[in-house]
Amino acid sequence: MIQISNIEKRFGEVTALNKVSLSVPRGELFGLIGPDGAGKTTLFRIISSLMIPDAGEAKVAGLDVVKDYVAIRRLVGYMPGRFSLYQDLSVLENLSFFASIFKTTIDENYDLIRDIYVQIEPFKHRPAGKLSGGMKQKLALCCALVHKPELLILDEPTTGVDAVSRIEFWDILRRLKDLGITIIVSTPYMDEASLCERIALIQEGRLMSIDTPEVVAGSFPHSLFAVKTNNFFLLLNHLREWKEALSAYSFGEYVHFTPGTEQITERAICDFLKEKGHTEIQVNKTKPTVEDSFMSLMLKKQNQNAS
Amino acid sequence: MRTIGYIIQKEFIQIFRDRFMPKIIFAVPLFQLLLLSYAATFEIKQTRIVILDNDRSVESRRLVSLFQGSSFFSSLTDVEGIEEAEKLINTRRVHQILTIPRGFERKMIVEKSVTLQLITDAVDGSAGSIRSAYAQSIIQRYSMLINTRVTGLNITQPIVATWSFWYNPELQYTTFMVPGILVLLVTIIGLFLTGINLVREKEMGTIEQINVTPIKKIQFIAGKLIPFWIIGLVELTFGLILARLVFDVPILGNPAIIYLVAGIYLVLIMGIGLIISTVSDTQQQSMFISWFFLVLFILMSGLFTPAESMPAWAQIFNKINPIAYFIQVIRLVMLKGSGLADVSVQLISLSVYAFASIVIAVHHYKKTV
């Protein structure tokens, strides 16, 4: 569905995308994971023909995003990261406006949006600007879907949305995927990565790893310990300063610690922390997640840049 | 075509749902016409004059009574001395001082000639010269009366010019001003509202959602401009009705010519608004740039001061000043009853200008981020 090869985009001095290549097959739910400013939005804007790349080639359903942008705009449903519907128009007015400019009607593609629309239907006469965050996202998704696109591009759809609405939103995405719509979605939340079929980690305009969430998580090259003591702040500092440390970062209420060599065991970490005066020490070997892989890849890259 | 229709429909819903837009559209013309037409007048209704009568003779009282009899002047005669009179003029409580010298009557009879002193506050230059002229005309009248009495003959001036003011016989200020204000109204709608409206889509981010749709650039621009084109012409109609009914301004020519020119003019001015909106990112920026051009165009246009008395470079500038053309046309058609042939130069200039501005604007507008 999407073939991207060696896309580059610069804004003055800043390189937003650096030789990005990516391929997404039809019907996949693909996630683009990365922090703010990594280049997610730029990549999406290029795919949705809003922006012209400086170099490289991008194709959607075999159509070139620069030459065939008119045709692509009919195939693509795009939901920008910032809420971009008319705040002063009602839910219904927004939806029928976007339906009509795609030369269709709400009724014609009602099957596709029904599950989502019924949730916002009680508020259909309310101005879009007066909806809650979760409702806004649902309306935006309806508007992106109303012309029955083959490819759905969602730029950080769950940012600023409460936890319950996020879960609901991902349920909706899975259902849309089952209807055969290809979906690419970006998110800064690592926990959402495991909900995608395949993910790409993006950092400073480069794609670092493209695979299923399991493989990405499993590619973590070291052993990993979840550590917790009475003093979280000192714990983080002590572990970072330790000569055996490769990395240490906070992960919820734990610190995820990676030693430099495989010889370091739970016992050795325990002893080190006791020596530093920590009490209530918990050290457990843990299974790496996508976030751990991401942190490790970032670290590797920083070291490469430094050397 | 249907797509443009949907956009126009959407625009009208948004315009009339906005809290300020409908008020701006209907209140602005009313206030501008009423305030500017009535308040911004050159007519001077009242002048307070101090008359220092140092002679206190029969003749000097005759002169004073002429001033007292004029409804234009309210005269103060009980002021003691020039110092006090100057104090009054300095504190802006009076506008003029007339000093009648001691021995006024005697000099006039013996020497057949006498000098009066007239001091006028000229902080406001044009008002000052009007007041001075009024006072002099009264003194002139007195001078003629005295000639008649002294010689016993009814002497009149040897040459008398009769005059009439064509196209505005009573020199009504409103007649001259209202057509110009109508141009201002149409300009504000065309320039400000279009500029702001387009930038708002950018500022709110809605342009991004529009840009991924198959709407063509030209459809979007047409859908955005047509509502304001219609509103501009509705405003003009509203203004013309007010001009006719409230201000009694004649509409001698064919109103269709006014509408034809206004239609072309609106396209031109909306093109400029569109260009401004493409170079600005926020509504404030667009407002500032629009103000800059509006003030420049208005001051140079001949709305308040005659363009003929401007220096040559300003007259050259007015060749590219769209407001100047429209003001000329609307005054010619309304007050003089000019036909299409009489305004053809302005019409052609505006058409060329309109075409250029809309082409540049559409070309400049980008449908990418």
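What counts, and where the lines are drawn
- Residues numbered from 1 in each chain as written.
- Chains lettered and ligands numbered in written order.
- Predicted model: local features only at pLDDT ≥ 70, side-chain atom pairs only at ≥ 80, totals over all residues.
- Heavy atoms only, no water.
- Helix = DSSP H or I, 4+ residues; strand = E, 2+ residues; numbered from the N terminus.
- Rg over C-alpha atoms; globule rule 2.2 N^0.38 Å.
- Buried < 20%, exposed > 50% of the residue type's maximum accessible area, 1.4 Å probe, protein only.
- Contact = heavy atoms within 4.5 Å.
- Areas by Shrake-Rupley, 256 points an atom, 1.4 Å probe, with all protein chains shown as cover.
- Lys, Arg positive; Asp, Glu negative; His and termini not counted.
- Charge placed at Lys NZ, Arg CZ, Asp CG, Glu CD.
- Pairing = 2+ DSSP bridges.
- Axes fitted to C-alpha atoms, helices over the stretch in contact; angles between N-to-C directions.
- Salt bridge = Lys/Arg side-chain N within 4 Å of Asp/Glu carboxyl O.
- 1 Å grid on protein atoms, 1.4 Å probe; cavity = no way out; pocket = protein on both sides within 12 Å on 5 of 7 lines; lining within 4 Å.
- Points joined across faces, edges and corners; volume = space filled by probe spheres on them.
- Nonpolar A, V, L, I, M, F, W, Y, C, P; charged D, E, K, R; others polar.
- Domains from an automatic or database assignment.
- Buried area = accessible area lost by both parts, 1.4 Å probe.
- Polar contact = N/O pair within 3.5 Å; in protein donor to acceptor, adjacent residues only side chain to side chain.
- Parallel < 35°, antiparallel > 145°, perpendicular 65-115°, else oblique.
- Left-handed = near helix turned anticlockwise from the far one by under 90°.

Attention now goes to the overall build of chain B. When helices and strands are tallied, chain B shows 14 helices and four strands. Over its C-alpha trace chain B gives a radius of gyration of 29 Å, far above what one expects of a compact globule, namely 21 Å for 369 residues. Structurally, chain B occupies a C-alpha span of about 95 × 45 × 40 Å along its principal axes. Out of the 369 residues belonging to chain B, those deemed buried represent 46%. Sequence-distant contacts, at least 24 apart, represent 75% of the contacts inside chain B between residues at least 6 apart. Carbon together with sulfur atoms contributes 65% to the accessible area of chain B, which is approximately 19100 Å² in total. For chain B, the centre of its 31 positive side-chain charges and the centre of its 24 negative side-chain charges are spaced 7 Å apart.

What follows concerns the sheet that holds strand β4 (residues 55-60) of chain A. Residues and elements named next belong to chain A. Strands sit in the order β2-β1-β4-β5 across an open sheet of four strands; the sheet is antiparallel. Bordering the open sheet on either side are β2 (14-24) and β5 (63-64), each of which pairs with just one other strand. As paired elements, strand β1 (residues 2-11) and β4 share five bridges and run antiparallel to each other. By the bridge assignment for β4, E8 is matched with A55. Where helix α1 (residues 40-47) meets the sheet, it contacts β1, β2 and β4, and its direction lies at approximately 120° from that of β1.

All names here are of chain A. Taken together, the seven bridges between β1 and β2 define a ladder with antiparallel strand orientation. If you follow K9 over to β2, its bridge partner there is L17. Where β1 hands over to β2, the hairpin turn is made up of two residues, of which G12 adopts a positive phi near 65°.

Turning our attention to unusual backbone geometry. Residue and element names in this part refer to chain A. Located in the positive-phi region is K148, a residue other than glycine, with phi close to 55°. Within the fold, K148 resides in the loop between α5 (133-145) and β7 (151-154). A positive phi angle, close to 45°, is found at E156, a residue other than glycine. Within the secondary structure, E156 is located in the loop between β7 and α6 (163-178). Note on E156: relative accessible area 14%, which makes it buried.

Turning our attention to the pattern of salt bridges. Within this structure, the stated rule accounts for 27 salt bridges over all chains. Notably, a salt bridge pairs E8 of chain A with R10 of chain A, separated by 3.0 Å at the nearest N-O pair. Bridged by salt links that share partners, the residues K10, E11, E201 and K224 of chain B form one connected network.

Another point: empty space enclosed by the protein. All names here are of chain A. Within this structure, the stated rule accounts for two cavities of 30 Å³ or more. By volume, the largest cavity amounts to about 60 Å³. For the lining of the largest cavity, the elements supplying multiple residues, two or more each, are β6 (76-79) and α5. When residues of the lining of the largest cavity are assigned to their parent elements, the largest contribution, three residues, is made by β6. Considering only residue class, the lining of the largest cavity consists of seven nonpolar, four polar and no charged.

Attention now goes to helix α3 (residues 91-101) of chain A. Among the eleven residues in α3 of chain A, eight count as buried, and that is most of the element. Where α3 of chain A is concerned, the buried positions are V91, N94, L95, F97, F98, A99, S100 and I101 of chain A. Against the buried residues of α3 of chain A lie α4 (110-120) and α5 of chain A together with α1 (2-17) and α8 (206-211) of chain B. K103 of chain A sits one or two positions beyond α3 of chain A and adopts a positive phi of about 60°.

Its domain assignment divides chain B into domain 1 (8-41 + 170-364) and domain 2 (47-151). Taken over C-alpha atoms, the centre of domain 1 of chain B sits 49 Å from the centre of domain 2 of chain B.

So, about the interface of chain A and chain B. Counting residues at the interface gives 24 residues for chain A and 24 residues for chain B. Carbon and sulfur atoms supply 59% of the area that chain A and chain B bury against each other, a total of about 2500 Å² over both sides. Interface area lost by chain A to chain B is led by L50, R73 and Y86 of chain A, which between them contribute 25%. Our enumeration of links across chain A and chain B arrives at three salt bridges. Across the pair R200 of chain B and D88 of chain A runs a salt bridge, and its minimum N-O distance is 3.8 Å. Along the contact surface separating chain A from chain B lie 13 residue pairs in polar contact (both at pLDDT 80 or more). Mapped onto the side of chain A that touches chain B, the elements with two or more residues apiece are α2 (69-75) and α3 of chain A. For the side of chain A that touches chain B, the leading source of residues is α3 of chain A, giving five residues. Grouping the amino acids of the side of chain A that touches chain B by side-chain chemistry returns eleven nonpolar, six polar and seven charged.

Further remarks concern the packing of α4 of chain A against α5 of chain A. All names here are of chain A. Across the interface, α4 lies against α5 with an axial gap of 9 Å and an inter-helix angle of 150°. As summarised for this structure, α4 and α5 are arranged roughly antiparallel, according to the angle between their axes. At the point where α4 passes α5, the crossing takes the left-handed sense. Contact with α4, carried on its side by L112, I113, I116, Y117, Q119 and I120, involves M135, K138, L139, L141, C142 and L145 of α5 and no other residues of that element. Across the contact of α4 with α5, the residue classes tally to ten nonpolar, one polar and one charged.

Next up on the list: the side chain of S84 of chain A. Counting through the fold element by element, S84 of chain A comes out in the loop between β6 and α3. A relative accessible area of 2% places S84 of chain A in the buried class. Within the structure, S84 of chain A has its side chain in polar contact with the backbone oxygen of R82 of chain A (distance 2.7 Å). Reaching out from S84 of chain A, the side chain makes a polar contact with the backbone oxygen of G205 of chain B at a distance of 3.2 Å.

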